[in-house]
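Tertiary structure, described
Here's the letter readout for the chains.
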Amino acid sequence: MLALEAPLPRDRPGFLHRTPLVALAALAAAWAASVAALPDAGARVVGLAAAHGALLGTALAWTSGRGQRDRCAPLEAALLLGGAATAALLLPWGALAYAVLPAWLAWRRPAWLTSFASPAGPAVAGGVLFGLLLGAHLLVTGSLTLGYRVRAAAWPELVGWWAYDVGANVLAAEAFFRGALFERAHRRWSFAAAAALSTTASVARYLVDPLLPRSLEIAAGAAFYLVLLGAGNCWLLARTGSLVPPLAAASVFFCAYRLLAR
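Residues numbered from 1 in each chain as written. Predicted model: local features only at pLDDT ≥ 70, side-chain atom pairs only at ≥ 80, totals over all residues. Heavy atoms only, no water.

1. A few points about the overall build of the protein chain
Each helix and strand in the protein chain was counted, giving 11 helices and 2 strands. A separation of at least 24 residues holds for 76% of the contacts in the protein chain among residues at least 6 apart in sequence. For the protein chain, the exposed area adds up to about 13500 Å²; of that, 71% sits on carbon and sulfur atoms. (Helix = DSSP H or I, 4+ residues; strand = E, 2+ residues; numbered from the N terminus. Contact = heavy atoms within 4.5 Å. Areas by Shrake-Rupley, 256 points an atom, 1.4 Å probe, with all protein chains shown as cover.)

Written as structure tokens, this is what we have:
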């Protein structure tokens, strides 16, 4: 009788449950082969596609639960990113091809994307304001202490960077570090522990990025702002239940960051 009255215990899946390990290993192998066999430009394209494709594909696999189809998500994302990065490298306005990633996500409709159907206006405005304040502080600090200035020309290059950030960089980072990693950790632990894990992982991702200038003062400044951005975006996601405000905050911040030039 006691066995009948007690609730049936459920097996709790592990933290890395549904991680597409085979696809991630294939991307790592492709990147290693490109470093060994391709010129620097080609290896950078493959590395960009593999890194962002791994983040975006893993976020899809962790959140949508579509089984076999999700196991190939990193490869699908990497192929689209590789095509967009190649177009950005070869064509004057080729970076606009990064718009294929948001279109692909709209077609796949992951769980964290459903919030786009009914975005909360004040929450999105709060995300934009947060990113704007952080970006403005970065512009002022960078110009006063690190010798940077605001870009006054090279609009095709600037638009290319913005297209890369909105279509690939911010999208992949927020989808994985906030929409997947933070949400998965927050279901198990406290907000502080989940935010610390998410923020630490996202800062580490940017600090190893070869596009970041190799300078101790630049790395320290980047870590400072990325910690604030990551922690703030975790709070926005936990507060609103939507990934739209964190995406808005990060997009505005990185658009401000691209305005800086030596």
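2. Description of a nonpolar patch on the surface
Judged by side-chain polarity, Leu-89, Leu-90 and Leu-91 come together as a nonpolar surface patch covering roughly 330 Å² of accessible area. Along the chain, Leu-90 turns up in helix α5 (residues 73–90). Classification of Leu-90 as exposed rests on a relative accessible area of 62%. (Patch = residues over 30% accessible without salt bridge, like charges linked within 9 Å, V, L, I, M, F, W, Y side chains within 5 Å. Salt bridge = Lys/Arg side-chain N within 4 Å of Asp/Glu carboxyl O. Buried < 20%, exposed > 50% of the residue type's maximum accessible area, 1.4 Å probe, protein only.)

3. As for helix α7 (residues 121–145)
Taking 1.5 Å as the rise per residue, α7 with 25 residues should run 36 Å; its terminal C-alpha atoms sit 36 Å apart, in good agreement. Looking at the buried residues of α7, the elements they touch are α10 (216–240), α11 (244–257) and β2 (260–261). (Expected span 1.5 Å × (residues − 1).)

4. Remarks on the packing of aromatic side chains
Enumeration over the complete set of coordinates arrives at 12 aromatic pairs. Through a chain of ring-to-ring contacts, the aromatic side chains of Tyr-206, Phe-224, Tyr-225, Phe-253, Phe-254 and Tyr-257 assemble into a single cluster. Arg-184 extends its terminal NZ or CZ atom over the ring of Trp-62, reaching a point 4.2 Å from the ring centre. Sitting over the ring of Tyr-206, Arg-205 keeps its end group 4.2 Å from the ring centre. (Phe/Tyr/Trp six-rings, centres within 6.5 Å; stacked < 30°, edge-to-face > 60°. Lys NZ or Arg CZ within 6 Å of the ring centre and 35° of its normal.)

5. Some details on the side chain of Arg-184
Tracing the sequence through the fold places Arg-184 in helix α8 (residues 155–186). For Arg-184, the side chain forms a polar contact with the main-chain oxygen of Trp-62, separated by 3.4 Å. For Arg-184, the residues in contact, after removing those within four places along its chain, are Gly-14, Phe-15, Leu-16, His-17, Arg-18 and Trp-62. (Polar contact = N/O pair within 3.5 Å; in protein donor to acceptor, adjacent residues only side chain to side chain.)

6. Some thoughts on unusual backbone geometry
Positive phi outside glycine occurs at Arg-18, with the angle close to 70 degrees. By the element assignment, Arg-18 lies in the loop between α1 (2–5) and α2 (21–37). Overall, Arg-18 belongs to the partly exposed group, its relative accessible area being 37%.

7. Considering the packing of helix α9 (residues 191–207) against α10
In contact at an axis separation of 9 Å, α9 and α10 are set at 140 degrees when each is read in the N-to-C sense. As far as their axial angle goes, α10 and α9 are oblique. Handedness of the α9/α10 crossing: right-handed. Two secondary-structure elements touch here, α9 through Phe-191, Ala-195, Ser-198, Thr-199, Val-203, Tyr-206 and Leu-207 and α10 through Ala-219, Ala-223, Leu-226, Val-227, Gly-230, Ala-231, Cys-234, Trp-235 and Ala-238. (Axes fitted to C-alpha atoms, helices over the stretch in contact; angles between N-to-C directions. Parallel < 35°, antiparallel > 145°, perpendicular 65-115°, else oblique. Left-handed = near helix turned anticlockwise from the far one by under 90°.)

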